Number of protein chains: 2
Amino acid sequence: MSVSAPTHRSDIEIARAAAKRPITEIGATLGIPADALVPYGHDKAKVSQGFIAGLADRPRGRLVLVTAINPTPAGEGKTTTTVGLGDGLARIGKRAAVCIREASLGPNFGMKGGAAGGGMAQVVPMEDMNLHFTGDFHAITSAHNLLSAMIDNHIYWGNALEIDDRRIVWRRVMDMNDRALRDVVVGLGGVSNGFARQTGFDITVASEVMACLCLARDLDDLQRRLGDIIVAYRRDRTPVHARDLKADGAMTVLLRDAMQPNLVQTLEHTPAFVHGGPFANIAHGCNSVIATDSALRLADIVVTEAGFGADLGAEKFFDIKCRKAGLSPDVAVIVATVRALKMNGGVARADLGAEDVAAVRAGSVNLARHIANVRGFGVPVVVAINHFAGDSEAEIAAVHAAAADAGAEAFVCRHWAEGSAGIEALASRVAELADADAARFTPLYPDDMGLMAKIETIATRIYHAGEVVADARVREQLATWEAAGHGHLPICMAKTQYSFSADPALRGAPSGHSLPVREVRLSAGAGFVVAICGEIMTMPGLPRVPAAEGIRLDAAGQVEGLF
Amino acid sequence: MSVSAPTHRSDIEIARAAAKRPITEIGATLGIPADALVPYGHDKAKVSQGFIAGLADRPRGRLVLVTAINPTPAGEGKTTTTVGLGDGLARIGKRAAVCIREASLGPNFGMKGGAAGGGMAQVVPMEDMNLHFTGDFHAITSAHNLLSAMIDNHIYWGNALEIDDRRIVWRRVMDMNDRALRDVVVGLGGVSNGFARQTGFDITVASEVMACLCLARDLDDLQRRLGDIIVAYRRDRTPVHARDLKADGAMTVLLRDAMQPNLVQTLEHTPAFVHGGPFANIAHGCNSVIATDSALRLADIVVTEAGFGADLGAEKFFDIKCRKAGLSPDVAVIVATVRALKMNGGVARADLGAEDVAAVRAGSVNLARHIANVRGFGVPVVVAINHFAGDSEAEIAAVHAAAADAGAEAFVCRHWAEGSAGIEALASRVAELADADAARFTPLYPDDMGLMAKIETIATRIYHAGEVVADARVREQLATWEAAGHGHLPICMAKTQYSFSADPALRGAPSGHSLPVREVRLSAGAGFVVAICGEIMTMPGLPRVPAAEGIRLDAAGQVEGLF
């Protein structure tokens, strides 16, 4: 961090001190009339469905993806850079907008956190965004659990669809870290409560309803996707869909408001669409298509981000979101920090304070691999070195050199401390690349490649794995889905975010490792096949001392302990 | 129903055709400045905590309770009359406001329904009010389930509080009709998921958090109540409170926005506060104290309602809500219909079409008993005969006569068909009684009466029961709570709403029956002792053909099948 005012203030202090503009003014900068905004308080609004429907014929602006090296506990600042870059583009005269994900409520009561950016590069109002915000996740929870209730209710009243209750794959969800709900038996208590069976709860962001909402073009498309959700199988292994239970219409009604993107602002009043938040492991980890698409039709240039490092996040952004929504990214920014590169180079977290140019060089193989991977999609890459106070000149020079060797220009960015002024150089270069129309985006694999071949393509080309290990059961399952007409779907990899491999301890740029595909799942509504490599937790637990114990209203009525 | 325009239109058609005024204009009629309104769309707002805090020193206006005879399938129209009376009072020049409960989301997907009033006496926007509205119930669900997660998490991490996991009384909630969740085992799946134990889910409106929110004066009082909630007992039977788990602060944060009353409008633009919705059996069944109190400080006269018939609803309104909030009702309106009185007089639903003056007379014993009961609280009573098209002059005359015999004037009200014009006579009489300051309100029993004696007092004085049957276990439990300092609490009766007795088939005005108290529960946060007389369902199920199957968005994007 450079020495400047924000180092003395916490993110929440900065956010609270922000002089927010009325949300109608923010909308006006994108040409959204006040009556097309559905206000939620004075600083949040949804953009109305009707207004969005009218945008379809407008041309799209430029699209910039912010992604990162593999995350480490040292932190990379991907959201902070996304926000800062949006502000930077506005600073150089572009009509810019930012698109990021909504935060999940539950985890905030486990560990402190959940800010939307940091320092002078934040989206506000921060408290609301980490609590109920505009209620989207609650609506998703309701829609998901209505479907769950309708499954058990259908069986209770005679099971005309002949659901095999051992093969119900639709669980329930709650936006709460509650490990006791991971594995439960429901329907106890006798005849009037139904049939007992084992099932469980996931956290709401892991719901396929979330992924459907984030990939749907409009309400009709949403309803079609919801109807396509496979909830169970019969004894003959044929699938039962949400549509068979006639749940899709009511679920769509519950999601009608939630489908409208939320508009807020950065500290520098750049419009920010904050909408949707699917898991980045069993789902694709990007904000909604409807938000990104709407922003593109309203702004000259839109900055968005994808979950985790580029091996997972950018690959899924390109191969799932862009492919399915017909988006064509113009530039990708890979965020790296000297500290995180050092950790990728083998330095322990406790030793990050000391200068270690050799470790930066060693760790930069991770950055170089991500640069090459992203360039492989036909998208120009620039590197954002998110500056921390302890970074030495020599260390920064090492990052510049490594990036240049991999074919990407790097920029030191001080947006955390300085806001848009600290990221102007990167913003100018990004704008230049975008306007040059240099991108020739192509997904990694074609739709008509076999499902197993798609997995192998990702594993070898992106992860540099030597082999994919999957037992016969997994291969047969994929073949069955291909036979049932799902072979055209893209793959959603669920793998550790800490490594190119499936081993979280393997930092840097490992090659020749073997990628175990433990299980595959069909998300027929969202429209992808999930390949699960390793343990994936879909319902977190609370720590020994949950953050909730320290969360309260202070004497002034402000939230204490959430950040 | 009189022959008039609304008979040709459904409630939802009327509601959709309504020319709503901007919610800031509605607020202005009560002197609420625009910046004290937190908008949720253009037709809903919350009244800000800060503005409400500034009202404390203002005098309160007049308070009118709308209650009813025992409900029958023929319908009484209590909410419709509440709304119509509010409009009627505005029509005669009063600064009037209406206070009603919010609707629960889940049940709308079971049976069609959930309108807020009917005909020309409705609150709008009706669709929002029956879906997510302003998110209050979702916030209550989150706060409740955070506490649940913290209980199991505490045990998981060593159980320092020595909770006896066989004696955990705090369940989980969901705003959904899901019978499979009534009785569940959680914590299966091995060490990392915690300890297996049997528990269950209630519907959100049954949550004690809901009752706490509805009875709390302000956020401090809310946090105190939440802290007082008993979640479990130790092996030595000492209670463990939410405060012991340090959950009360975070729960209050989750409820901060939900504590602000919601402001909407009637079809005639009378301000309507729609806030909170506790069960009328295991809780007290009234809208929030903060909404009623705020309305009273802003309006000349406030019309509110209580759940079920007067034996349950009015008694709890008086003995729980008014007692605890220091409210002093000025007039009570008992709603009756010719049809419902006929059913109380023994006529089957299918035979309601034929004139039957004798049956009306016979059924009017029910009305007379309620009039006498309510007058016993020192509150003047008038009767609203909610007019239906098939009512004959002779039948109506019989109701007038029965009411007069019981000491109350009756008014035929045509607000359903005609709006405020149809209820002007009742409104004038209510205003006159209120302004005459004739009420001498006293609760039924003093705080310092024993808990069992309070139950007996309600049973004999209100229900005309001959005896209360409760086994030793129940009596000992009450004695234990008295010894622990809870003896001052009021009683919350959970009994069938269809009869003065515990037998739903016993219509009219039964006397000398015996009231079985099956179980007692302590709601230490809400501040009452629940006496359960018969089966009380706290998690409904869906019917064979759930309404959800027919709910969808139509081509115009409007909700179909919800009403």
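Thresholds, definitions, all that
- Residues numbered from 1 in each chain as written.
- Chains lettered and ligands numbered in written order.
- Predicted model: local features only at pLDDT ≥ 70, side-chain atom pairs only at ≥ 80, totals over all residues.
- Heavy atoms only, no water.
- Helix = DSSP H or I, 4+ residues; strand = E, 2+ residues; numbered from the N terminus.
- Rg over C-alpha atoms; globule rule 2.2 N^0.38 Å.
- Buried < 20%, exposed > 50% of the residue type's maximum accessible area, 1.4 Å probe, protein only.
- Contact = heavy atoms within 4.5 Å.
- Areas by Shrake-Rupley, 256 points an atom, 1.4 Å probe, with all protein chains shown as cover.
- Lys, Arg positive; Asp, Glu negative; His and termini not counted.
- Charge placed at Lys NZ, Arg CZ, Asp CG, Glu CD.
- pLDDT = per-residue confidence, 0-100.
- Phe/Tyr/Trp six-rings, centres within 6.5 Å; stacked < 30°, edge-to-face > 60°.
- Lys NZ or Arg CZ within 6 Å of the ring centre and 35° of its normal.
- Least-squares fit on C-alpha atoms with pLDDT ≥ 70 in both.
- Domains from an automatic or database assignment.
- Buried area = accessible area lost by both parts, 1.4 Å probe.
- Salt bridge = Lys/Arg side-chain N within 4 Å of Asp/Glu carboxyl O.
- Polar contact = N/O pair within 3.5 Å; in protein donor to acceptor, adjacent residues only side chain to side chain.
- Nonpolar A, V, L, I, M, F, W, Y, C, P; charged D, E, K, R; others polar.
- UniProt positions renumbered as here; feature names shortened; annotations may be inferred.

Engineer: Can you tell me about the overall build of chain A, naming the residues and giving the values?
Structural biologist: Across its full length, chain A holds 18 helices and 26 strands. Over its C-alpha atoms chain A spans a radius of gyration of 23 Å, differing by no more than 12% from the 24 Å that the globule rule assigns to 563 residues. Projected onto its principal axes, the C-alpha positions of chain A cover 70 × 55 × 50 Å. Buried residues in chain A amount to 65% of all 563 residues. In chain A, once contacts between residues fewer than 6 apart in sequence are set aside, the share between residues at least 24 apart is 75%. Here chain A has roughly 18,300 Å² of accessible surface; of this, 51% comes from carbon and sulfur atoms. Considering chain A, the positive charge centre built from 55 side chains and the negative charge centre built from 63 side chains are found 2 Å apart.

Engineer: Go over the confidence of the model for chain A, please, and point to the residues and values.
Structural biologist: Low-pLDDT stretches of the model should not have their predicted coordinates read in fine detail. Per-residue pLDDT for chain A has a mean of 95; in total, 99% of the residues score no lower than 70. Scored below 50 in pLDDT, residues 1-5 of chain A shows 13 contacts in the model against residues more than four places distant or in partner chains.

Engineer: Please give an account of the packing of aromatic side chains that cites residues and values.
Structural biologist: Per the counting criterion, the structure on display carries ten aromatic pairs over all chains. Centroid distance Phe318(A) to Phe377(A): 4.5 Å. Interplanar angle 35 degrees. Geometry classified as tilted. Taken as a pair, Phe318(A) in helix H11 (residues 313-325) and Phe377(A) in the loop between helix H13 (357-375) and strand E18 (381-386) lie far apart in primary sequence, 59 residues in all. Here the two residues Phe318(A) and Phe377(A) agree in accessibility, since each one is buried. By the ring-pair criterion, three or more aromatic residues cluster together here, those being Phe317(A), Phe318(A), Phe377(A) and Phe441(A). The lysine or arginine in question, Arg369(B), covers the ring of Phe500(B), its NZ or CZ lying 4.7 Å from the ring centre.

Engineer: Talk me through the relation of the copies chain B and chain A; I want residue IDs and the actual numbers.
Structural biologist: When chain B is fitted to chain A, the best match, at an RMSD of 0.0 Å, comes from turning it 180 degrees and sliding it 0.0 Å along the axis. The symmetry that links the two subunits is that of a two-fold axis. Here 100% of the contact residues of chain B are again contact residues in chain A; the copies associate through an equivalent surface.

Engineer: I'd like to hear about the domain arrangement of chain A, residue by residue, with values.
Structural biologist: All names here are of chain A. Under the domain assignment used here, chain A contains domain 1 (11-134 + 258-435), domain 2 (140-252) and domain 3 (451-533). For domain 1 versus domain 2, the distance between C-alpha centres works out to 33 Å. Across the boundary between the two partners, domain 1 contributes 22 residues, which contact 16 residues of domain 2. Across the domain 1/domain 2 interface, buried area totals approximately 1,600 Å², and carbon plus sulfur atoms make up 73% of it. Summed over the three residues of domain 1 that lose the most area to domain 2, namely Met259, Phe279 and Val289, the buried surface amounts to 30% of that side. Counting across the interface, domain 1 meets domain 2 through zero salt bridges. The interface formed by domain 1 and domain 2 contains five residue pairs in polar contact (both at pLDDT 80 or more). Among the elements of the structure, helix H10 (289-298) and H11 are those that each provide at least two residues to the side of domain 1 that touches domain 2. Of the residues in the side of domain 1 that touches domain 2, the class split is twelve nonpolar, nine polar and one charged.

Engineer: Residues and numbers for the environment of Glu535(B), please.
Structural biologist: Residue and element names in this part refer to chain B. On the secondary structure map, Glu535 appears in the loop between strand E24 (528-532) and strand E25 (552-553). For Glu535, a relative accessible area of 72% gives the class exposed. Taking the C-alpha atoms as reference points, Glu535 and Ile52, separated by 483 residues in sequence, lie 40 Å from one another.

Engineer: So what about the environment of His415(A)? Which residues, and what values?
Structural biologist: All names here are of chain A. Tracing the backbone shows His415 in helix H15 (residues 415-418). Once the C-alpha coordinates of His415 and Asp330 are considered, the two residues, 85 residues apart in sequence, prove to be 22 Å apart. With near-sequence residues (within four places) excluded, His415 lies in contact with Thr80, Thr81, Gly84, Met120, Ala121, Asn386, Gly422 and Ile423.

Engineer: Go over the UniProt feature "binding site: ATP" (unreviewed entry) in chain A with me, naming the residues and quoting the values.
Structural biologist: All names here are of chain A. According to UniProt, the feature "binding site: ATP" (unreviewed entry) maps to Thr72, Pro73, Ala74, Gly75, Glu76, Gly77, Lys78 and Thr79 in the numbering used here. Judged by relative accessible area, which is 7%, Thr72 ranks as buried. Ignoring sequence-local partners within four residues, the contact set of Thr72 consists of Ala340, Met343, Asn344 and Arg507. Along the chain, Lys78 turns up in helix H4 (residues 78-91). Contacts of Lys78, omitting those with residues within four sequence positions, involve Val66, Thr67, Ala68, Glu305, Ala306, Gly307, Phe308 and Val335.

Engineer: Tell me what's going on with the side chain of Thr141(B), and back it up with residues and numbers.
Structural biologist: Residues and elements named next belong to chain B. Topologically, Thr141 is positioned in helix H6 (residues 136-156). Separated by 2.8 Å, the side chain of Thr141 and the backbone oxygen of Phe137 make a polar contact. In this structure the side chain of Thr141 is engaged in a polar contact, spanning 2.8 Å, whose partner is the side chain of Thr204. With residues near it in sequence (within four places) discarded, Thr141 still touches Val173, Met174, Asp175 and Thr204.

Engineer: Give a detailed account of helix H7 (residues 208-215) of chain B, specifying residues and quantitative values.
Structural biologist: Counting buried positions over the eight residues of H7(B) gives eight, a clear majority of the element. The N-cap residue of H7(B) is Ser207(B): its side-chain oxygen and the backbone nitrogen of Val209(B) are 2.9 Å apart.

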